[in-house]
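Results of the structural survey
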Protein chains: 2
Amino acid sequence: MNYNQYTSRLLERAVNEFAKLPGIGRKTALRLVLHLLKQPDEDVEIFSHSLTSLKKEIFHCAKCHNISDQEVCSICSNNKRDASLICVVENIRNVMAIEATQQFNGLYHVLGGVISPMDGIGPADLTMDSLVGRVSSEEVKEVILALSATMEGDTTNLFIYRKLGDFDINISTLARGVAIGDELEYTDEITLGRSILHRTPFRSSLNNS
Amino acid sequence: MNYNQYTSRLLERAVNEFAKLPGIGRKTALRLVLHLLKQPDEDVEIFSHSLTSLKKEIFHCAKCHNISDQEVCSICSNNKRDASLICVVENIRNVMAIEATQQFNGLYHVLGGVISPMDGIGPADLTMDSLVGRVSSEEVKEVILALSATMEGDTTNLFIYRKLGDFDINISTLARGVAIGDELEYTDEITLGRSILHRTPFRSSLNNS
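Remember, predicted model here, so these are calculated numbers, not experimental data.

Section: the overall build of chain A
Looking only at helices and strands, chain A features eight helices and six strands. Its helices and strands taken in sequence order, chain A reads α-α-α-β-β-β-α-β-α-β-α-β-α-α from the N to the C terminus. Scaling as 2.2 N^0.38, a compact globule of 209 residues should have a C-alpha radius of gyration of about 17 Å, whereas chain A reaches 22 Å, well beyond that. Along the three orthogonal principal directions, the C-alpha set of chain A runs to about 65 × 45 × 35 Å. Burial analysis of chain A (209 residues in total) assigns 27% to the buried set. Partitioning the intrachain contacts of chain A with sequence separation of at least 6 by distance along the chain shows that 45% fall at a separation of at least 24.

And the structure:
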């Protein structure tokens, strides 16, 4: 159905703004705006204030480039975390995903993307120099490359590996293999092939479960 | 995955606000907020201003209760529309849906819902009195009941039919039948049954197509 005719320009403007968000079509945008219209004035005020204050008051951590309320984020400024271990990720959602596992106690480095010539993203668009700076100045022992298992991710991994090749540190990547809960017949061939090549001693799988 | 740990309270607050919207979960909310965070300051300002100004400056049309920028909406104040014909709908989205068909040239009356004892919505919660007022004071010749084909819609139809029974007007409802493009074997029995009972002369279907 074609919803071109709005009886109110204010309504149309708000719908247009919502429809700019990723994955939000005009019909969903209208539903969201009409929902907000039914809410009390204060609630809409709080909603819109939360966005402007987010935009104005937020920092990117000076060390790891994670989103933060202070100049240095709560992870980087936490003394209980292992500063000799840096996990390189693409974006803040990856930080949250890894934090949610509660299996990592080091620091992060948010690249802000991966090298992708197709999208015009080169090493200079990422926080690559800052990573090299951290490795050369801090007491880093290991860098974990936790990028997506895509071609762009692999390219970026290789680029970082070469950049950090002169430093006396370990460089590791995430283990690739059959995901927990996956059925073998639905696992793709490359993953399955790699998981046979890089098979682990059965004893170590007992310790982790 | 569990995304409980935000490294920024500002971020968390914005995500919480988005997650209050219908059909938006916490993961989608995070995606939307991170998208806004990447936009220029002005764009976020415009986005949030469009919401507050919508809430503050919008009117509900004094005649038909449609959403409007003026006290009387652009449909009600349009002299070219047939004021003797009132189409009763549940909400503004229905107004837009019917306007999009370009088949209706009368005015609307937005009820604001349908009678639903389960949800605690009675006739007093709707713009029922205002509808009776319009019919008694204006030169209305026909009221079209265009509510949903649900039990609540039918109940509301019947209620309005009785309320307006004393006036010398025609009361009609939307034609029910097999939707255009529908295959007969997938049409539900009640709709199919009704569409046989209320079959129309073949000649009239030729005129409409």
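Observations concerning helix H2 (residues 26-38) of chain B
Under the 1.5 Å per step criterion, the end-to-end length of H2 of chain B is 19 Å for 13 residues, consistent within 8% with the ideal 18 Å. Those residues of H2 of chain B not exposed but buried are Leu30, Leu32 and Val33 of chain B. In a view along the axis of H2 of chain B, the buried residues occupy a sector of 165°, so they form one face of it. Its buried side turned inward, H2 of chain B meets helix H4 (92-101) of chain A together with helix H1 (9-19) of chain B.

Considerations on the interface of chain B and chain A
Taken together, the contact between chain B and chain A spans 50 residues of the former and 50 residues of the latter. Of all the elements in the fold, those that place two or more residues in the side of chain B that touches chain A are H1, H2, helix H3 (41-57), strand S2 (67-68) and helix H4 (92-101) of chain B. Considering each element in turn, the side of chain B that touches chain A owes the most residues, 13 residues, to H3 of chain B. Considering only residue class, the side of chain B that touches chain A consists of 26 nonpolar, 13 polar and eleven charged.

With respect to the relation of the copies chain B and chain A
Of the transformation superimposing chain B on chain A, the axial component is 0.0 Å and the angular component is 180°, with the fit at an RMSD of 0.1 Å. Here the transformation between the copies is reduced to the relation of a two-fold axis. Identified as the residue of chain B closest to the rotation axis by C-alpha distance is Ser48 of chain B, at 2.3 Å. Most of the interface of chain B is mirrored in chain A, where 100% of its interface residues are also at the interface.

Section: the domain arrangement of chain A
With domains assigned, chain A is organised as domain 1 (9-57), domain 2 (80-174) and domain 3 (177-209). One C-alpha centre belongs to domain 1 of chain A, the other to domain 2 of chain A; they are set 35 Å apart.

Re H4 of chain A
Those residues of H4 of chain A not exposed but buried are Ile92, Val95 and Met96 of chain A. Here the buried residues of H4 of chain A occupy an arc of 95° about the axis, which is enough to place them on one side. On its buried side, H4 of chain A packs onto strand S2 (67-68), strand S3 (82-89) and strand S4 (106-110) of chain A together with H2 of chain B. Downstream of H4 of chain A by one or two residues, Gln102 of chain A has phi in the positive range, about 55°.

Brief notes about the packing of helix H3 (residues 41-57) of chain A against H1 of chain B
At a closest axis distance of 9 Å, the pairing of H3 of chain A and H1 of chain B adopts a crossing angle of 150°. As judged from the angle between their axes, H3 of chain A and H1 of chain B are roughly antiparallel. Regarding H3 of chain A and H1 of chain B, the two cross each other, and that crossing is left-handed. Of the residues in H1 of chain B, those touching H3 of chain A at Ile46, Phe47, Ser50, Leu51, Ser53, Leu54 and Glu57 of chain A are Leu10, Leu11, Arg13, Ala14 and Glu17 of chain B.

Considering the sheet that holds S4 of chain A
All names here are of chain A. Spatially, four strands are ordered S4-S3-S5-S6 in an open sheet, and the strand pairing comes out parallel. Both outer strands of the open sheet, S4 and strand S6 (170-173), are each paired with one neighbouring strand and no more. On average, each strand axis in the sheet is tilted by 25° relative to the strand beside it, whichever way the strands run. Looking at chain direction, S3 and S4 are connected through five bridges and run parallel. By the bridge assignment, Asp82 is partnered in S4 with Gly106. Together, S3 and S4 form the strand contacts of H4, whose direction differs from that of S3 by roughly 125°.

Re the sheet that holds strand S4 (residues 106-110) of chain B
Residue and element names in this part refer to chain B. Taken in spatial order, the four strands of this open sheet run S4-S3-S5-S6, and their pairing is parallel. Two strands bound the open sheet, and with one partner strand each, they are S4 and strand S6 (170-173). Each adjacent strand pair in this sheet contributes to an overall mean axis angle of 25°, direction not counted. Sheet topology note: the strand S5 (residues 142-145)/S6 ladder contains four bridges and is parallel. Each bridged residue has a counterpart across the sheet, and for Glu142 the counterpart in S6 is Asn170.

Points about the environment of Val33 of chain A
Residue and element names in this part refer to chain A. Of note, Val33 is situated in helix H2 (residues 26-38). Each C-alpha atom of the pair Val33 and Asn16 lies 10.0 Å from the other, and the pair is 17 residues apart in sequence. In this structure, Val33 is in contact with Leu11, Ala14, Val15 and Phe18, ignoring residues within four places of it in sequence.

Focus on unusual backbone geometry
All names here are of chain A. One non-glycine residue, His65, adopts positive backbone phi at about 70°. With respect to the element layout, His65 can be found in the loop between strand S1 (59-60) and S2. With a phi angle near 55°, Gln102 is a residue other than glycine that sits in the positive phi range. Within the secondary structure, Gln102 is located in the loop between H4 and S4.

Basis of the calculations
Residues numbered from 1 in each chain as written. Chains lettered and ligands numbered in written order. Predicted model: local features only at pLDDT ≥ 70, side-chain atom pairs only at ≥ 80, totals over all residues. Helix = DSSP H or I, 4+ residues; strand = E, 2+ residues; numbered from the N terminus. Rg over C-alpha atoms; globule rule 2.2 N^0.38 Å. Buried ≥ 20, exposed ≤ 12 C-beta atoms within 10 Å, placed from the backbone. Contact = placed C-beta atoms within 7 Å. Expected span 1.5 Å × (residues − 1). Arc of directions from axis to C-beta. Nonpolar A, V, L, I, M, F, W, Y, C, P; charged D, E, K, R; others polar. Least-squares fit on C-alpha atoms with pLDDT ≥ 70 in both. Domains from an automatic or database assignment. Axes fitted to C-alpha atoms, helices over the stretch in contact; angles between N-to-C directions. Parallel < 35°, antiparallel > 145°, perpendicular 65-115°, else oblique. Left-handed = near helix turned anticlockwise from the far one by under 90°. Pairing = 2+ DSSP bridges.

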